[in-house]
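# A closer look at the structure
Below, each chain spelled out in residue letters.
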Amino acid sequence: MTSARTRERLINRLREKGIHDPRVLDVIRNTPRHLFIDEALAHQAYDDTALPIGHGQTISQPWVVARMTELLIEKTVPGKVLEVGTGSGYQTAVLAALCEQVWSVERIRPLQDMARRRLQTLGMARVQLRHADGGFGWASEAPFDGILAACGRPDIPEELLSQLADGGRLVMPVGEAEQQWLTVVDRIGDDFRTTRLDAVRFVPFRRGILR
Ligand code: SAH
């Protein structure tokens, strides 16, 4: 169910779907996705699908995690990364395996608590988690070399753009609930270069926090 063969099948599937960065494939191969979901769903952990994690949210599809990570590290591996939407903590674990420092924000408290326990169990002590509205970024730790959001909305929050370091890259789904596009923003001085890529569907980027 969670065997090396099952995981290798997922890696092959990701390759077929266009993921080629060996660093990303290695991290996905070595990250135990079954530990980030309910035990009852563990038999689907290495399928390339999003799965429910409670509170109306989902653990991202492995292809989405791989694609966003590949885009984030494409030019250089960012040292300092901000993630918006910790959710299960799975993408957080993938980022932490590649980048020096990861700050991750989640608006739903019980999800954050669960993610914290899982990341601690995996020995990922360098990850910083915060219960907050990620629309405001994490001002006290800015600037970030990379910003990745796992929830979509029609516009990119100004605060996130202003917390992106010069030379940094932001990756986020942008669009309405039914139709979003993975969008990459490269900051060069005060110039923000936006590129629209794959059609995707994420849970919404909401305002405020839930306890
Ligand atoms: N990468 C995560 C995806 C979780 S789904 C995983 O694989 O598990 C996206 C998450 O974004 C949800 O947990 C949702 O609660 C959170 N979210 C939505 N809007 C947010 C906001 N404004 N600030 C912080 N988190 C937010």
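The rules behind these values
- Residues numbered from 1 in each chain as written.
- Predicted model: local features only at pLDDT ≥ 70, side-chain atom pairs only at ≥ 80, totals over all residues.
- Heavy atoms only, no water.
- Near = heavy atom within 4 Å.
- Polar contact = N/O pair within 3.5 Å; in protein donor to acceptor, adjacent residues only side chain to side chain.
- Areas by Shrake-Rupley, 256 points an atom, 1.4 Å probe, with all protein chains shown as cover.
- Helix = DSSP H or I, 4+ residues; strand = E, 2+ residues; numbered from the N terminus.
- Nonpolar A, V, L, I, M, F, W, Y, C, P; charged D, E, K, R; others polar.
- Expected span 1.5 Å × (residues − 1).
- Buried < 20%, exposed > 50% of the residue type's maximum accessible area, 1.4 Å probe, protein only.
- Contact = heavy atoms within 4.5 Å.
- Salt bridge = Lys/Arg side-chain N within 4 Å of Asp/Glu carboxyl O.
- Core = buried A, V, L, I, M, F, W, Y, C linked by side-chain atoms within 4.5 Å.
- Phe/Tyr/Trp six-rings, centres within 6.5 Å; stacked < 30°, edge-to-face > 60°.
- 1 Å grid on protein atoms, 1.4 Å probe; cavity = no way out; pocket = protein on both sides within 12 Å on 5 of 7 lines; lining within 4 Å.
- Points joined across faces, edges and corners; volume = space filled by probe spheres on them.

### Structural notes on the site of the ligand
Near the ligand lie 25 residues; those nearest to it are S88, E106, D133, G134 and R206. At 2.6 Å from an oxygen atom of the ligand is found a side-chain nitrogen or oxygen belonging to E106. In the model, a nitrogen atom of the ligand is placed 3.3 Å from a nitrogen or oxygen of the R107 main chain. For the ligand, the protein covers 99% of the area, taking 570 Å² as the surface of the free molecule. With 3 residues, strand β2 (residues 57-59) is the largest single contributor of residues to the shell around the ligand. The residue inventory of the shell around the ligand, partitioned by class, reads 11 nonpolar, 10 polar and 4 charged.

### Points about unusual backbone geometry
The peptide bond linking A142 to P143 adopts the cis configuration, its omega dihedral lying at 5°. Considering the arrangement of structural elements, one finds P143 in the loop between β5 (127-131) and β6 (144-149). The phi angle at H55 is positive, at roughly 55°, despite the residue not being glycine. Of note, H55 is situated in the loop between β1 (51-54) and β2.

### Observations concerning helix α3 (residues 62-73)
For α3, spanning 12 residues, the distance from its first C-alpha to its last is 16 Å, which sits close to the expected 16 Å at 1.5 Å a residue. All buried positions along α3 are accounted for by P62, W63, V64, V65, A66, R67, M68, T69, E70, L71, L72 and I73.

### Section: the side chain of S60
Structurally, S60 can be placed in the loop between β2 and α3. Dropping the residues within four chain positions of it, S60 is found in contact with R33, T49, A50 and V65.

### A few points about the pattern of salt bridges
Per the counting criterion, the structure on display carries 15 salt bridges. We note a salt bridge from R169 to D186, for which the minimum N-O separation is 2.8 Å. Of this pair, R169 sits in strand β7 (residues 164-175) while D186 sits in strand β8 (residues 180-188); the two residues are 17 residues apart in sequence, bridging distant segments of the chain. Taking relative accessible area as the criterion, R169 reaches 8% and is therefore assigned buried.

### Looking at the nonpolar core
Judged by nonpolar contacts, the single largest core of 44 residues is most densely connected at L14 and I28. Per-element accounting of this core gives the leading share, 8 residues, to α3. Formed by 19 residues, the second largest nonpolar core is a distinct cluster that contains I147, I156, V174 and V185.

### Some details on the packing of aromatic side chains
Inspection of every chain in the model, using the stated rule, returns 3 aromatic pairs. Arranged with centres 5.8 Å apart and planes meeting at 65°, the rings of F36 and Y90 form a pair that is edge-to-face. Of the two residues, F36 is situated in the loop between α2 (22-30) and β1 and Y90 in helix α4 (residues 90-98); the sequence distance between them amounts to 54 residues. The exposure class assigned to F36 is buried, which follows from its relative accessible area of 0%.

### Thoughts on the layout of surface pockets
Approximately 550 Å³ is the volume attributed to the largest pocket. In terms of lining, the largest pocket is formed by 38 residues, of which the most central are T58, A150, C151, F202 and V203. Going through the elements one at a time, β2, α3, β3 (80-84), α4, β4 (101-106) and β9 (191-200) are the ones with two or more residues in the lining of the largest pocket. Considering only residue class, the lining of the largest pocket consists of 20 nonpolar, 12 polar and 6 charged. Of the voids in this model, the second largest pocket is the one considered here, and its volume is about 180 Å³. Of all elements in the fold, only β7 and β8 reach the threshold of two or more residues within the lining of the second largest pocket. Of all the elements, β7 adds the most residues to the lining of the second largest pocket, at 5 residues. Residue composition of the lining of the second largest pocket, grouped by class: 5 nonpolar, 3 polar and 6 charged.

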